[in-house]
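# Examination of the molecular architecture
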Protein chains: 2
Amino acid sequence: MPKIAIEAVEQHNMTSYPAPFHEPVAGRWQRRLGAAAGLTALGASHVVLKPGGWSSQRHWHHGEDEFLIMLSGEAVLIEDGGETILRAGDCAAWAMGEANGHHLVNRSEADCAFICLSAGERARGGEYSDIDMIFTAEGYKRKDGTPYPPREA
Amino acid sequence: MPKIAIEAVEQHNMTSYPAPFHEPVAGRWQRRLGAAAGLTALGASHVVLKPGGWSSQRHWHHGEDEFLIMLSGEAVLIEDGGETILRAGDCAAWAMGEANGHHLVNRSEADCAFICLSAGERARGGEYSDIDMIFTAEGYKRKDGTPYPPREA
């Protein structure tokens, strides 16, 4: 049945960010619901952020739209324009190519959960607002184009 | 700010279904959040189903993935395999090309609300499970290929 057994989908907190950029996302626990359901054009992840956890480094995409729906708890959305609190039922969207880096930070003392969806061409890459990093089809690079080494070589 | 002011997005219950197939979706009130936020690759609608309302005729897509998140209330998901109740926090997904028609019906006495997302190639069309209709890049047709006339000519 297409209703998704969310709890049955493997949850992980892996990240391919190079050190030390992986550290703030250690409290991000993801379930790849879209892949589990056989979706290929639409990405959909269930994400739990532990207190202190970040959803990602603050970033934007050249070729991918993103949409987020808060399910429970509270997170702070941080963008160029400032901060906004998101609570259950709140939605946010980021159009591809808009150079306004965004991420969510859980500054509360309880878990929060959301669904994050994406579509477009991930391989067109994107940029990070606060750190010397971009992402490309070939992986993470410094803004001068030098590749970062894999964190676990 | 990318947080969406959901109440500010126009709500409508329009449908282009030919008669009499438009009748069961009269209680479907949609807000096109993705378009309002400038998204082009990812479709995202906030939908309220009034008691008795259907989300659509039961259908599936040849080229489009779909993902649904219940926000409030209760709806019955109807598919080839049977019926499943969806409540706040439940998710369901339908991969493109899977010939398992689906829709939601609100059999409760209160409104229900959900977010429905899609990505892929809508113009590749799809099929309806319970009625003599398909949808194509050229519009709605009977299964023998005869076009349906527009409902309001």
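Residues numbered from 1 in each chain as written. Chains lettered and ligands numbered in written order. Predicted model: local features only at pLDDT ≥ 70, side-chain atom pairs only at ≥ 80, totals over all residues.

## Quick look at the overall build of chain A
Threshold: Helix and strand assignments follow DSSP, with helices taken as H or I runs no shorter than four residues and strands as E runs no shorter than two, numbered in order from the N terminus. Radius of gyration: C-alpha atoms only; globule rule: 2.2 Å multiplied by the number of residues to the exponent 0.38. Exposure in this text rests on C-beta crowding, where 20 or more other C-beta atoms within 10 Å of a residue's own make it buried, 12 or fewer make it exposed, and counts in between make it partly exposed. The C-beta atoms are placed from the backbone. Distance between backbone-placed C-beta atoms decides contact: two residues are in contact if it is within 7 Å.
For chain A, the count of helices and strands is one helix and 12 strands. Across chain A, helices and strands are ordered from the amino to the carboxyl terminus as β-α-β-β-β-β-β-β-β-β-β-β-β. Whereas a compact globule of 153 residues would reach a radius of gyration of roughly 15 Å, chain A reaches 15 Å, a difference of no more than 12%. Oriented by its inertia axes, the alpha-carbon framework of chain A measures out at about 45 × 35 × 30 Å. Counting over 153 residues, chain A shows a buried share of 38%. The long-range fraction of contacts in chain A, counting pairs at least 24 apart against all pairs at least 6 apart in sequence, stands at 66%.

## Describing the nonpolar core
The condition is simple: A set of buried Ala, Val, Leu, Ile, Met, Phe, Trp, Tyr and Cys residues, joined to one another through C-beta atoms within 7 Å, is what we call a nonpolar core.
In this structure, A93 of chain A together with A93 of chain B are the most contacted members of the largest nonpolar core, which totals 60 residues. With sequence-adjacent residues up to four places away left out, A93 of chain A is seen in contact with E66 and F67 of chain A together with P2, I4, L33, G34, A37, L39 and A44 of chain B.

## Things to note about the interface of chain B and chain A
Applicable threshold: Just so you know the grouping, Ala, Val, Leu, Ile, Met, Phe, Trp, Tyr, Cys and Pro go in nonpolar, Asp, Glu, Lys and Arg go in charged, and all remaining residues, Gly too, go in polar.
Counting from both sides, the interface comprises 37 residues of chain B and, opposite them, 37 residues of chain A. Counting only elements with at least two residues in the side of chain B that touches chain A, the list comes to α1 (33-36), β4 (64-72), β5 (74-79), β6 (82-87), β7 (91-94) and β9 (112-120) of chain B. Looking at the side of chain B that touches chain A element by element, the count peaks at five residues for β9 of chain B. Split by residue class, the side of chain B that touches chain A holds 24 nonpolar, nine polar and four charged.

## As for the relation of the copies chain B and chain A
In plain terms, the rule: For the least-squares superposition of copies, only C-alpha atoms count, and only for residues with pLDDT at least 70 in both.
The transform that puts chain B on chain A rotates by 180° and translates by 0.0 Å along the axis, for an RMSD of 0.0 Å. The transformation just described matches what one would write down for a two-fold rotation axis. If distances are taken from each C-alpha of chain B to the rotation axis, the shortest is found for A119 of chain B, at 3.1 Å. Take the interface residues of chain B: 100% of them recur as interface residues in chain A, which is what a same-surface contact looks like.

## As for the sheet that holds strand β11 (residues 134-136) of chain B
Residues and elements named next belong to chain B. Applied cut-off: At least two bridges found by DSSP between two strands are what make those strands a pair. For helices, the fitted line uses only the C-alpha atoms of the stretch in contact; every axis is such a line through C-alpha atoms, and the angle between N-to-C directions lies from 0 to 180 degrees.
One open sheet holds the four strands; their spatial order is β3-β10-β11-β12, and the pairing between them is antiparallel. Of all the strands in the sheet, just β3 (59-61) and β12 (139-141) have a single pairing partner and so form its edges. Each neighbouring strand pair of the sheet contributes to a mean axis angle of 20°, computed without reference to strand direction. Bridging between β3 and strand β10 (residues 126-128) involves three bridges; their strand directions are antiparallel. Paired with H59 across the bridge in β10 is Y128.

## Considering the sheet that holds strand β9 (residues 112-120) of chain A
All names here are of chain A. In space, the five strands of this open sheet follow the order β1-β2-β9-β4-β7, with antiparallel pairing throughout. In this open sheet, the two edge strands, each paired with only one partner strand, are β1 (28-32) and β7 (91-94). Sheet twist, expressed as the mean angle between neighbouring strand axes with direction ignored, is 20°.

## Concerning unusual backbone geometry
Peptide bonds are, in most cases, trans, and in most cases residues other than glycine have a negative phi. Of the consecutive residues A19 of chain A and P20 of chain A, the connecting peptide bond is found in the cis state with omega at 0°. Here P20 of chain A shows up in the segment before β1.

## Quick notes on the environment of A8 of chain B
Residues and elements named next belong to chain B. Among the secondary structure elements, A8 is positioned in the segment before β1 (28-32). For A8, a count of 8 C-beta atoms within 10 Å corresponds to the exposed category. Placed 67 residues apart in sequence, A8 and A75 show a C-alpha to C-alpha distance of 25 Å.

## Some thoughts on the pairing of strand β5 (residues 74-79) of chain A
Residue and element names in this part refer to chain A. Bridge count between β5 and strand β6 (residues 82-87): six bridges; the pairing is antiparallel. Along β6, the bridge assignment pairs L77 with T84. Linking two consecutive strands that pair antiparallel, namely β5 and β6, is a turn of two residues. Bridge count between β5 and strand β8 (residues 102-105): four bridges; the pairing is antiparallel. Residue pairing across strands places L77 opposite L104, the latter belonging to β8.

## Some points on the confidence of the model for chain A
Our working definition: In predicted models, pLDDT denotes the confidence assigned by the predictor to each residue on a 0 to 100 scale.
Confidence in the prediction for chain A averages 96 pLDDT; 98% of positions are at 70 or higher. What the predictor reports for the complex is a pTM of 0.96 with an ipTM of 0.95.

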